[in-house]
Amino acid sequence: MSEKDKLRYGFFLGCVAPNRYPFIESSIRAVFEHLDAELLELEGASCCPAPGVFRAFHIPSWLVIAARNITIAEELGVSPITGCNGCYGTLRDAWVELEHDHEMKKMVNTHLAKVGREYKGTKEPKHIVQALYLDMGLDFLRDKIKHKFSDLKVAAHYGCHIVKPSDKRPWKGEYENPRFLDEIIELTGAKSIDYKDKFLCCGAGGAVRTAVKEVSADFSREKLTNIRDAGADIIVDCCPFCHLQLDLGQMEANGIYKDMIGEPFKVPVIYITQLLGLSFGIDPNKLGLIKNHELSGVPPFISIDPFLNIVKEQFT
Amino acid sequence: MSENVEKYIKRKVSKDLSTKIAEKFVDVGLEKIRACINCGTCTGGCPSGRRTAYRTRSAIRKALTGDESVLKDIDIWLCSTCYYCYERCPRNIPVTDMIIKLRNIAVEEGYILDAHFGLATDIFLKTGHGVPADGEANKKWRDLRESYGLPPLPPTVHSHPEAVKECQELLKSVGFIELMDNAKKLKEERAKAEEKKDEEA
């Protein structure tokens, strides 16, 4: 690819990936570098702000801060790109809403002018999965595959806001049974298995986790029961907040609902670029798969060793 | 907002209830709820309603009839915003967005959970992040970042104090700080009134 055609994005980090699940950030950086797609830093970006909480408190504030974050990418002349469904929901919904509501756009720019910014709305906010699937495409990714799994059963977890609201997403209105994530997973030779209520929400979003943790953990309990029943080796997701809920929340569900679930859950949770990166032949250290510290009370809370053993066995 | 819709909403408001919500709904442009026939498709597909007392259709019904109890109940905060109700509504009502707007009205009326209030004021307003990694209490998260080959703090507001100030200025300008101060005041007043009632009883 020539320098001119090189894919460039502004990497919108959000909160959960950089500040709680940094191995997700590492794996996105490693995979995009490997694919020769440049991630520019969005210096001074803030919380997106989170759609379930801050939008729920005050829609105008949510729009103004979201627009500010988008202007940082606009100044660099690139699309903001995020690995988080929540940030994607905020940035993309704000972008679509401001495109259609000129009064709102005027309001937002009145506030932004006070700090010397102007929101234009010329750069489409993207999700890393959208960039992989739509900007690069499956054929491009397939060419980069070096190692393939011979027997790995994956429970794909899309999360909600990568597909919904579907009128504000790039998937041609598909929300009941999207396949894009399964198709990326299956490039690695893994089998994306069907499981009951596959598109069930993880339970973290919409301010629920902060409001009543037990309710979030009950979503996860139901989801994990279905995943375990289907015989999945691992979960693969594409959102740090879902990742937190399925990892930390898995541990919480094991405690809160121990009388309901029988054996405790122990399904490793892997982020999409960690899985894909392994297949590309990227060093697992760069993908945040190898623990290199003595800290306690940090993720992954559910051991990923069973997955790493599968990798060792099948990648020869 | 057409006059007819306004009339419709007001007509449906029960006698003993305030018209405040109905009016606010009109103000924020949610006249689409008038199309609701209470079919329950929203509730039928709701993953939160399976395990909690939250009933989407009932929240919408209460909003439409100006029943303020919908603002006080924790129920509307149990929607995980999965958007199935929004996608599947046969009347094309953006249901999830309405729940979000209902929450906006609730906060304006001082109905905000302590945990959410703390997140908004102690964390987001001060740091610019909803989940921060700065400060002494968060040292292990910076160490964790470093263990994965990343700088201790990301290049976000965490590396740019002037950007935190900029966000605070914007949030002041757009009325967020005032909204939170007012919510706190209303919350405290309500708690005091409750206390007084308890003492009298």
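Quick look at the structure, then. (Residues numbered from 1 in each chain as written. Chains lettered and ligands numbered in written order. Predicted model: local features only at pLDDT ≥ 70, side-chain atom pairs only at ≥ 80, totals over all residues.)

**Concerning the interface of chain A and chain B**
Contacts between the two partners involve 58 residues from chain A, matched on the other side by 55 residues from chain B. Counting residues per element, the ones that place at least two in the side of chain A that touches chain B are α1 (16-19), α2 (22-34), α3 (54-57), α4 (59-76), α10 (208-211) and α11 (213-229) of chain A. Broken down by element, the residue count for the side of chain A that touches chain B peaks at six residues, all from α4(A). Partitioning the side of chain A that touches chain B into residue classes produces 33 nonpolar, 16 polar and nine charged. (Contact = placed C-beta atoms within 7 Å. Helix = DSSP H or I, 4+ residues; strand = E, 2+ residues; numbered from the N terminus. Nonpolar A, V, L, I, M, F, W, Y, C, P; charged D, E, K, R; others polar.)

**Some thoughts on the packing of α4(A) against helix α6 (residues 102-113) of chain A**
Residue and element names in this part refer to chain A. In contact at an axis separation of 10 Å, α4 and α6 are set at 70° when each is read in the N-to-C sense. The orientation of α4 with respect to α6, classified from their angle, is roughly perpendicular. Of the two elements, α4 crosses α6, and the hand of that crossing is right-handed. Together, Pro60, Leu63, Val64, Ala67, Arg68 and Thr71 of α4 and Met104, Met107, Val108, His111 and Leu112 of α6 make up the contact between the two elements. (Axes fitted to C-alpha atoms, helices over the stretch in contact; angles between N-to-C directions. Parallel < 35°, antiparallel > 145°, perpendicular 65-115°, else oblique. Left-handed = near helix turned anticlockwise from the far one by under 90°.)

**Comments concerning the nonpolar core**
Residues and elements named next belong to chain A. One finds Ala67 and Ile235 to be the most contacted residues of the largest nonpolar core, which totals 151 residues. The leading source of residues in this core is α4, at nine residues. When neighbours within four sequence positions are excluded, Ile235 is seen to be in contact with Ala155, His157, Ile227, Leu246, Val267, Val269 and Ile270. (Core = buried A, V, L, I, M, F, W, Y, C linked by C-beta atoms within 7 Å. Buried ≥ 20, exposed ≤ 12 C-beta atoms within 10 Å, placed from the backbone.)

**Here we look at the sheet that holds strand β4 (residues 126-127) of chain A**
All names here are of chain A. Taken in spatial order, the four strands line up as β2-β1-β3-β4 in an open sheet, and their pairing is parallel. Two strands close off the open sheet at either side, each with one partner strand: β2 (38-41) and β4. In this sheet, strand β3 (residues 79-82) lies alongside strand β1 (residues 8-12) in parallel orientation, the contact comprising four bridges. Along β3, the bridge assignment pairs Tyr9 with Ser79. (Pairing = 2+ DSSP bridges.)

**Quick word on the packing of helix α4 (residues 56-64) of chain B against helix α7 (residues 95-108) of chain B**
Helix-helix packing is characterised by the crossing angle of the two axes and by the distance between the axes. All names here are of chain B. For the pair α4 and α7, interaxial distance at closest approach is 11 Å and the crossing angle is 55°. In terms of orientation, α4 and α7 fall into the oblique class. Every pair of crossing elements has a handedness; the one defined by α4 and α7 is left-handed. Within the contact between the two elements, α4 uses Thr56, Ala59, Ile60 and Ala63 and α7 uses Val95, Met98, Ile99 and Leu102. Across the contact of α4 with α7, the residue classes tally to seven nonpolar, one polar and no charged.

Bear in mind that shape data such as this cannot, by itself, settle questions of function.
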